[in-house]
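Close look at the chain arrangement
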Amino acid sequence: ALGMEMSQDYHERTRLFSAQSFLGNVFAMGTPWLLKLAGNDYFRGTGGTLIDGMCYVSLLVAAFLIPMSFWWFLVLREPGFEVAKKRQKSAFWDDMRIAGSNKTFLRLVATIFTLAMGFNFVSIFNYYITIFYLYGGDPIAAVDLLGYAGTTWAVTGLIAVFPLNWLSRRLGKNKTLLIAIGLMCAAQLSKIVCYDPEMPYLVLIPTALLSAGMLMFFTLGASMVGDICDEDELNTGTRSEGTYYSVYWWFIKMGTAFASFVTGALLVYTSFDEKQNVTVDALLGQVRSMQVQVESWQPDQLPDAQRLSQLEEAVDKIVEKADLLNTHFHDRSKDLPGQAGHIEQLTQQLDALRAKAAALAISGNRFVSAPPELVNEAKQLEELTTQLRVQSPETLFHLRLVEIGVPLLLSVISITFALGYPLTETRCYEIKAALQKRNANQNE
């Protein structure tokens, strides 16, 4: 009976953190589809981009979250606050010294921090690869896959809670932690095959593996801090969850902030051409504006002369944006001679687009009398413009190399820390038994 009681208490933390992760995934299921919502014409507007759409979607999200935040602030209360208020306060730096001198805690933090860094460094690279490698730079075409991938992530996280509890009880937290890292390594390796433009939905396989591994890994990491608190209480006679959890989460948050800087540096290493993407967006916006304007023409509503004036004005704006893009391609070709072949191909496509746009103005009298034909021409211009988003083969390779390789490398390092973690399942039971015995003697 005593063994069952200790076992239940030891694994209670894992169940509690699993429930927290479960609820987090429930609330996260709708988030991946916000990008698709931003791509809707209603949010991005005529000639707008995903960035324009996200501005309004973000306001919609804020309108929901701000009232909820006030409600959470007013309703939620810290459990056991009265007990904690009566407890003697300790000095901050003394607490930090105790946490910093606990080798078991430092090894756990090193395990979690190292792996978390690996994935935080490349957290946004998945979007770049999906949009620019799998879909040739077309974000509107990619949003469905991004939405399904996000939903797959959330649903897998919900399901993975149950095997996590089962495995941790039968194998112990330390071995289950290694299984979680193994799942994440398998996910990274599977991307070598699953990043396939011919079958883009294969990416859901590594997404599911990575979601299961991460849920297990971070849930167990937080749970294992509680076991370290047990060991520390046995050695010092003081319970210090606040100290250990604050240091633990400080490292996680600090790592997330630091990763933002490293992500930018890694993106520079890949030679991703962000100016190309922004300029093409502006050009595409002008093409779509012309298309919407032509579609709004009603029979006998405007004289042909006014329609021709609108068409010539729209073509001038398209050519102006195309000239800016051409200048950028010329400058980039000088800065990166190794990409000259790729840039030359883009320049030829741009020349074809400019020639087609100029032909619309030259033959304007014919087109303004036949709006459906002009709409078809505008759609062809849109297709030509979208093709100008394509990044160089070298950039696409480096994006995949960094996104797959960096987390894989740091995962291997994390495994080395985890293998030396001293708090085994047996040792945790011994600590629990010793604490219960001591507390029972004190109560007598």
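These notes cover the structure that comes with them. All values derive from a computational prediction rather than experimental measurement. Residue numbers here run from 1 along each chain, matching the order of that chain's written sequence. Note on the predicted model: pLDDT of at least 70 is required for a residue's local features to be given, and 80 or more for side-chain atom pairs to be given and counted; whole-chain, interface and lining totals, by contrast, use all residues. To obtain the side-chain values, all non-hydrogen atoms of the structure were included, while hydrogens and water were left out.

Turning our eyes to something else, we now look at the overall build of the chain. Each helix is a run of H or I in the DSSP string that is no shorter than four residues. Each strand is a run of E no shorter than two, and both are numbered from the N terminus. Helix and strand content of the chain: 19 helices and zero strands. The cut-offs for exposure are 20% and 50% of the maximum accessible area for each residue type, with area from a 1.4 Å probe on protein chains only; residues under the lower value are buried, those over the upper are exposed, and the others partly exposed. For the chain, the proportion of its 444 residues judged to be buried stands at 44%. A separation threshold of at least 6 residues defines the contact pool for the chain, and within that pool the share at least 24 residues apart is 81%. A 1.4 Å probe and the Shrake-Rupley method give the accessible areas. Residues count as covered only by the protein chains that appear here. Accessible surface for the chain amounts to roughly 23000 Å². Of this, 63% is attributable to carbon and sulfur atoms. The criterion used for residue contact is that any of the two residues' heavy atoms lie within 4.5 Å.

This part covers the packing of aromatic side chains. A ring pair, where both rings are aromatic, is described by two values, the distance of the centres and the angle of the planes. Two aromatic rings from Phe, Tyr or Trp, using only the six-membered ring of Trp, form a pair when their centres are within 6.5 Å; if the ring planes differ by under 30 degrees the pair is stacked, by over 60 it is edge-to-face, and anything between is tilted. Under the defined criterion, the tally for this structure stands at twelve aromatic pairs. Pairing Y128 with F132 gives two aromatic rings, centres 6.3 Å apart and planes at 25°, and the pair type is stacked. Of this pair, Y128 and F132 both sit in helix α8 (residues 125-134), four residues apart, which is roughly one turn of that helix. Overall, F132 belongs to the buried group, its relative accessible area being 6%.

The terminal C-alpha atoms of helix α17 (residues 371-387) lie 25 Å apart, and with 17 residues this matches the ideal 24 Å at 1.5 Å per residue to within 8%. Listed as buried for α17 are P371, L374, V375, E377, A378, L381, T385 and T386. Turning to α17, the residues buried within the fold contact α13 (274-295), α14 (304-335), α15 (340-362) and α16 (364-368). Helix span is expected to be 1.5 Å times the residue number reduced by one.

Okay, the environment of C229 next. Within the element layout of this structure, C229 appears in helix α11 (residues 204-236). Relative accessible area serves as the criterion here: at 0%, C229 is assigned to the buried category. In this view, C229 contacts R239, S240, E241 and Y244; residues no more than four positions away in its chain are not counted.

Before going further, it helps to spend a moment on the environment of T151. By the secondary structure assignment, T151 is in helix α9 (residues 139-171). A relative accessible area of 21% means that T151 is categorised as partly exposed. The spatial distance from the C-alpha of T151 to the C-alpha of T207 is 9.8 Å, given a sequence separation of 56 residues.

This part covers the side chain of S190. Following the sequence through the fold, S190 ends up in helix α10 (residues 173-194). S190 gets classed as buried once you look at its relative accessible area, which sits at 16%. Not counting chain neighbours up to four residues away, the residues in contact with S190 comprise P206 and L209.

This next bit is on the nonpolar core. Among the buried residues, those of types Ala, Val, Leu, Ile, Met, Phe, Trp, Tyr and Cys that are joined through side-chain atoms within 4.5 Å form a nonpolar core. Membership of the largest hydrophobic core comes to 39 residues, with the highest contact counts inside it found for F105, M184, F217 and V225. Those residues in contact with M184 that sit more than four places away from it in its chain are L115, F119, L210, G213, M214 and F217. L50, L134, V262 and V402 belong to the second largest nonpolar core, which has 30 residues in total.

This part is about the pattern of salt bridges. Pairing is possible between side chains that carry opposite charge, provided their charged atoms lie close to one another. Salt bridges are defined by distance alone: a side-chain nitrogen of Lys or Arg within 4 Å of a carboxyl oxygen of Asp or Glu. Following the criterion strictly, the structure yields eleven salt bridges and no others. Ionic pairing is found between E403 and K191, a salt bridge with its closest N-O pair at 2.7 Å. Pair noted here: E403 is in helix α18 (residues 393-419) and K191 is in helix α10, with a separation of 212 residues, a long-range link. Taken individually, E403 and K191 each receive the classification buried, so the pair is uniform in this respect. Of the charged contacts, one joins E313 and K317 as a salt bridge, the two residues approaching to 3.8 Å between their closest N and O atoms. Residue E313 and its partner K317 are both found in helix α14; the two are separated by four residues, about one turn of the helix.

Along the chain, the position of T130 falls in helix α8. The exposure class assigned to T130 is buried, which follows from its relative accessible area of 2%. Apart from residues lying up to four places away in sequence, T130 is in contact with Y135, A142, L145 and L146.

Even without being glycine, S271 reaches a positive phi, approximately 65°. Examined against the element boundaries, S271 turns out to sit in the loop between α12 (241-269) and α13. For S271, a relative accessible area of 24% gives the class partly exposed.

This part is about the packing of helix α7 (residues 103-121) against α18. The axes of two packed helices give the description: the angle between them and the distance between them. Note on method: axes are straight lines fitted to C-alpha atoms, helices fitted across the in-contact stretch only, with angles between N-to-C directions ranging 0 to 180 degrees. Between α7 and α18, whose axes approach to 8 Å, the crossing angle comes to 175°. Here α7 lies roughly antiparallel to α18, going by the angle between them. Where α7 abuts α18, its residues R107, A110, T111, T114, L115, M117, G118, F119 and F121 lie against V406, P407, L410, S411, I413, S414, T416, F417 and A418. Along the lines of polarity and charge, the residues of the contact of α7 with α18 split into eleven nonpolar, six polar and one charged. By definition in this entry, angles of less than 35 degrees are roughly parallel, angles greater than 145 are roughly antiparallel, angles of 65 to 115 are roughly perpendicular, and the rest are oblique. Each residue gets one of three labels, nonpolar for Ala, Val, Leu, Ile, Met, Phe, Trp, Tyr, Cys and Pro, charged for Asp, Glu, Lys and Arg, and polar for the others, Gly among them.

Looking now at the packing of α7 against α12. α12 packs onto α7 with a crossing angle of 30° between their chain directions and a minimal axis gap of 9 Å. Between α7 and α12, the interaxial angle falls into the category roughly parallel. Judged by the twist between their axes, the crossing of α7 over α12 is right-handed. Classifying every residue of the contact of α7 with α12 gives 16 nonpolar, four polar and no charged. The crossing is said to be left-handed when, going from far helix to near helix, the turn is anticlockwise and less than a right angle, and right-handed when the turn is clockwise.

What follows covers a nonpolar patch on the surface. By definition, no residue in a patch forms a salt bridge, and every one has over 30% relative accessible area; like charges are joined within 9 Å, nonpolar side chains (Val, Leu, Ile, Met, Phe, Trp, Tyr) within 5 Å. Together, V61, F64, L65, W71, W72, F73, L74, V75 and L76 give the surface a local cluster of nonpolar side chains, amounting to about 960 Å² of exposed area. If you trace the backbone, L76 turns up in the loop between α4 (50-75) and α5 (81-86).

Take L183: it is sitting in helix α10. For L183, a relative accessible area of 23% gives the class partly exposed. Remark: the alpha-carbon pair of L183 and L209, spanning 26 residues in sequence, is separated by 5.8 Å. Residues contacting L183, with those up to four places away along its chain left out, are L209, A212, G213 and M216.

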